[in-house]
Amino acid sequence: MTYQFIKEFENNYKTIYNEYLTIKNNVYPWPEPELHGGGWDVFGLYLGPEYDYVTKQTTAQLDMNNCPFTRKLIKDNIPEYGSAGFSILKKNSTIIPHTGVKNKYLRMHLGLKVPEIGDLGLYVESYGILQWKESKAFYFDDSKLHRAWNNTNEDRIIFMIDFDPSTVELR
């Protein structure tokens, strides 16, 4: 079983990726370098209140005209969401074990550009190792201990969004 909205995002991953390409020069390092040593960049479309300490949002990110298709997809399919945006795990980088903010949300990752060969993945406590694939999505509880790695020669790009599972339908 999975959530109905996930198929909409999977079916539209190329358009979402093309919108990422329009903003890719405005990404910035995740503001906790101790987690990633400079290997993790992001571009937030929406930041939930739990991330009010993130102060490096650029003017470009605050421009609601960025990524209009992706924003509409969110608004049309997810009644209640938290943070949403693009996550770039640079080649030969790791994100050390950490936990996200405890809240009511689950986090979806949608593969946009994923190296086909090499050692990369996401380990989440209670879930095990999850693998990104282009055009495919999975979700997990971000408050569980998790870590990510990309031991390849290419960047990994995903779209991620926090969603309230009580407000979306299962299929």
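My aim in this report is to walk through the structure given alongside it, one point at a time. Note that the structure is predicted; figures quoted are calculated from it, not measured. (Residues numbered from 1 in each chain as written. Predicted model: local features only at pLDDT ≥ 70, side-chain atom pairs only at ≥ 80, totals over all residues. Heavy atoms only, no water.)

### Side note on the overall build of the protein
Helices and strands together make up the secondary structure of the protein, namely five helices and ten strands. For the protein, whose C-alpha radius of gyration is 15 Å, the value lies close to the compact-globule estimate of 16 Å for 171 residues. The C-alpha extent of the protein, read off along each of the three principal axes, is 35 × 35 × 30 Å. Across the protein, every contact between residues at least 6 apart in sequence was considered, and the portion connecting residues at least 24 apart equals 77%. Only carbon and sulfur atoms are counted for the fraction: they give 50% of the accessible area of the protein, which is about 8500 Å². With 19 positive and 22 negative side-chain charges, the protein shows a spacing of 3 Å between the two charge centroids. (Helix = DSSP H or I, 4+ residues; strand = E, 2+ residues; numbered from the N terminus. Rg over C-alpha atoms; globule rule 2.2 N^0.38 Å. Contact = heavy atoms within 4.5 Å. Areas by Shrake-Rupley, 256 points an atom, 1.4 Å probe, with all protein chains shown as cover. Lys, Arg positive; Asp, Glu negative; His and termini not counted. Charge placed at Lys NZ, Arg CZ, Asp CG, Glu CD.)

### Some points on the environment of Phe 140
Inspection of the secondary structure puts Phe 140 in strand S8 (residues 137-140). Under the relative-accessibility criterion, Phe 140 is labelled buried at 1%. Through-space distance from the C-alpha of Phe 140 to that of Tyr 20 is 23 Å; in sequence the pair is 120 residues apart. (Buried < 20%, exposed > 50% of the residue type's maximum accessible area, 1.4 Å probe, protein only.)

### Things to note about the sheet that holds strand S3 (residues 81-89)
Two strands in a sheet stick together by hydrogen bonds in their backbones, pointing the same way (parallel) or opposite ways (antiparallel). Here six strands make up an open sheet; going across it, the order is S1-S2-S3-S10-S5-S8 and the pairing antiparallel. Each end of this open sheet is capped by a strand with a single partner; those strands are strand S1 (28-29) and S8. Pairing between S1 and strand S2 (residues 40-46): two bridges, direction antiparallel. Looking at the pairing, Pro 29 lines up with Asp 41 of S2. (Pairing = 2+ DSSP bridges.)

### Things to note about the side chain of Asn 150
Of note, Asn 150 is situated in strand S9 (residues 146-151). Within the structure, Asn 150 has its side chain in polar contact with the side chain of Thr 152 (distance 2.6 Å). Those residues within four positions of Asn 150 in sequence are excluded, and the remaining contacts are Leu 89, Lys 90, Lys 91, Asn 92, Ser 93, Pro 115, Asp 119, Leu 120, Asp 155 and Arg 156. (Polar contact = N/O pair within 3.5 Å; in protein donor to acceptor, adjacent residues only side chain to side chain.)

### Here we look at the pattern of salt bridges
All chains considered together, the criterion is met by seven salt bridges. Here Arg 107 and Asp 142 are joined by a salt bridge, their closest N and O atoms 3.4 Å apart. Taken together, the residues Arg 107 in strand S5 (residues 106-113) and Asp 142 in the loop between S8 and S9 connect sequence positions 35 residues apart. Take Arg 107 and Asp 142: they sit in the same class, and that class is buried. For Glu 154, the salt bridge goes to Lys 113, with nearest N and O atoms at 3.9 Å. Here Glu 154 is found in the loop between S9 and strand S10 (156-163), whereas its partner Lys 113 is found in strand S5, with 41 residues between them in sequence. (Salt bridge = Lys/Arg side-chain N within 4 Å of Asp/Glu carboxyl O.)

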